[in-house]
Amino acid sequence: MPHSAGMLRMFREYHNSSIISEHYNYTGKLSQDKYKEGIIRPEAVAFLLVCLLIVAENAVVLLAIWKNKKFHIPMYYLLGNLTLSDLLAGFTYMVNLMTSGANTLKMTPVLYFLREGCVFVMLAASVISLLAIAIERHVTMVRMKPYQGHKQGRMFALIGASWVLSVFIGVLPVLGWNCIGQLEKCSTVLPLYAKSYILFCITAFSAILLSIVVLYVRIFRIVKSNTQRLASAPKRKGLYRKSQKYLALLKTVTIVLGVFIACWSPLFILFLLDFCCPVNKCKVLLKAEYFLGIAVFNSLLNPIIYTLTSKDMRKAIIRLLCRHCLMGTDGQVKKLGIPFLDCSTSKPPTDVASHRLEGVETTVSSGNFTPSTVKAIYPRILKT
């Protein structure tokens, strides 16, 4: 009976819109003009436009990965998963902006937890995706045990499990880990969230990011050592080029990791300050939307990073967006005089051998290879 009574009380609280006003008033947030009716903030409009751009950019990247069979390998599946989380982050923040301000005070706690919980879900999905990418790179380049083609089902199961875990982290407050009825334990940034929950999330995410950094440092040291060793062997130039290709892709995902940390660190620091600071003592906590805007900006930068650092991705995106306007009658992209945009859609005969070499490197990096394929293209390397 006590358990049933507690569940009934929680149900009533979750559908009582006055609770949000009570918590926001306690933390001092109601003193801000943005919670008054009829106030449209210019920065909110700007953020909405950025969110639209985030959704469009990441949708293009996802479409390019889906249409290009060259990207149907574990590494790009994981990058696609990160891109999906970026796309959903842009959409989530857009909804957050449209339901914020005076609209927040009209919401019930359950809707509030749903709105803010989606932000934590997207953050968790991004962090876990970065961890999965780091593990894939470690397996492929350090242990030399890439994913086999028949094991890709396990990778998709891993991606699915990461989303289940992310959703679970996001719904913990609605399951009871909140501060309703305990105002002194409430966060100032998120007045219905318990400070202990926010500290848990920041600690867990920071620990994962730190482990990823340590893992990448180890990978870089081993790959760099292998690259130098292969460069000194004249009969292993093919393996050296393959190692260089691995290193280039590793640099891309490392840049993605660095930008993620740079964009999300201010919000992490703000949450730590929120945990330590007594209520109404730190006015900077009332400006949390700007810190969240910087964090979401990360989702805008990732597609740009992919395009700038990956020639294959750049070609795929250009072909997807400008195939009819840039293709000439000879099947090649027209020369525009801009090295960044000048890329061919077909290879001259002299580049066939190089193309075959790159193809097997991509295949080997994904694990989708057979001994006969390797022998056909690397006969001399195998003999050495």
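Right, let's walk through the structure included here. (Residues numbered from 1 in each chain as written. Predicted model: local features only at pLDDT ≥ 70, side-chain atom pairs only at ≥ 80, totals over all residues. Heavy atoms only, no water.)

Taking 1.5 Å per residue, 22 residues should reach 32 Å; helix H9 (residues 288-309) reaches 32 Å between its end C-alpha atoms and fits that length. For H9, the principal kink sits at Leu300 and spans about 30°; a proline, Pro303, occurs within the next four residues. (Helix = DSSP H or I, 4+ residues; strand = E, 2+ residues; numbered from the N terminus. Expected span 1.5 Å × (residues − 1). Bend = angle between axes of the 7 residues up to and from the residue.)

Before going further, it helps to spend a moment on the packing of helix H3 (residues 42-67) against helix H4 (residues 74-98). Two elements in contact, H3 and H4, have axes separated by 8 Å at closest approach and are oriented at 155°. Judged by the angle between their axes, H3 and H4 are roughly antiparallel. The handedness of the crossing between H3 and H4 comes out as left-handed. Across from Ala44, Phe47, Leu48, Cys51, Leu52, Ile54, Val55, Asn58, Ala59, Val61, Leu62 and Ile65 in H3, the residues of H4 making contact are Tyr76, Gly80, Thr83, Leu84, Asp86, Leu87, Gly90, Phe91, Tyr93, Met94, Leu97 and Met98. For the contact of H3 with H4, the residue count by class is 19 nonpolar, 4 polar and 1 charged. (Axes fitted to C-alpha atoms, helices over the stretch in contact; angles between N-to-C directions. Parallel < 35°, antiparallel > 145°, perpendicular 65-115°, else oblique. Left-handed = near helix turned anticlockwise from the far one by under 90°. Contact = heavy atoms within 4.5 Å. Nonpolar A, V, L, I, M, F, W, Y, C, P; charged D, E, K, R; others polar.)

Applying the stated criterion across every chain, the model contains 2 disulfides. Through a disulfide, Cys179 is tied to Cys186; the S-S separation comes to 2.0 Å. The sign of the 110° torsion about the S-S bond sets the Cys179-Cys186 disulfide as right-handed. With respect to class, Cys179 is no different from Cys186; both count as buried. Here Cys277 pairs with Cys282 through a disulfide, and the sulfurs are 1.8 Å apart. The S-S bond linking Cys277 to Cys282 shows a torsion near 100°; that makes this disulfide right-handed. For the pair Cys277 and Cys282, one class covers both residues: buried. Here the bonded cysteines of the protein chain are numbered in sequence order, and their pairing is 1-2, 3-4. (Disulfide = S-S within 2.5 Å. Buried < 20%, exposed > 50% of the residue type's maximum accessible area, 1.4 Å probe, protein only.)

In this fold, Ala124 is placed in helix H5 (residues 109-141). Judged by relative accessible area, Ala124 falls into the buried class, the value being 0%. Along the primary structure Ala124 and Trp163 are separated by 39 residues, whereas in three dimensions their C-alpha atoms are 8.4 Å apart. Setting aside anything within four residues of it in sequence, one finds Ala124 in contact with Ser166, Ile169 and Phe205.

Treat this as a map of the structure, not an account of what it does.
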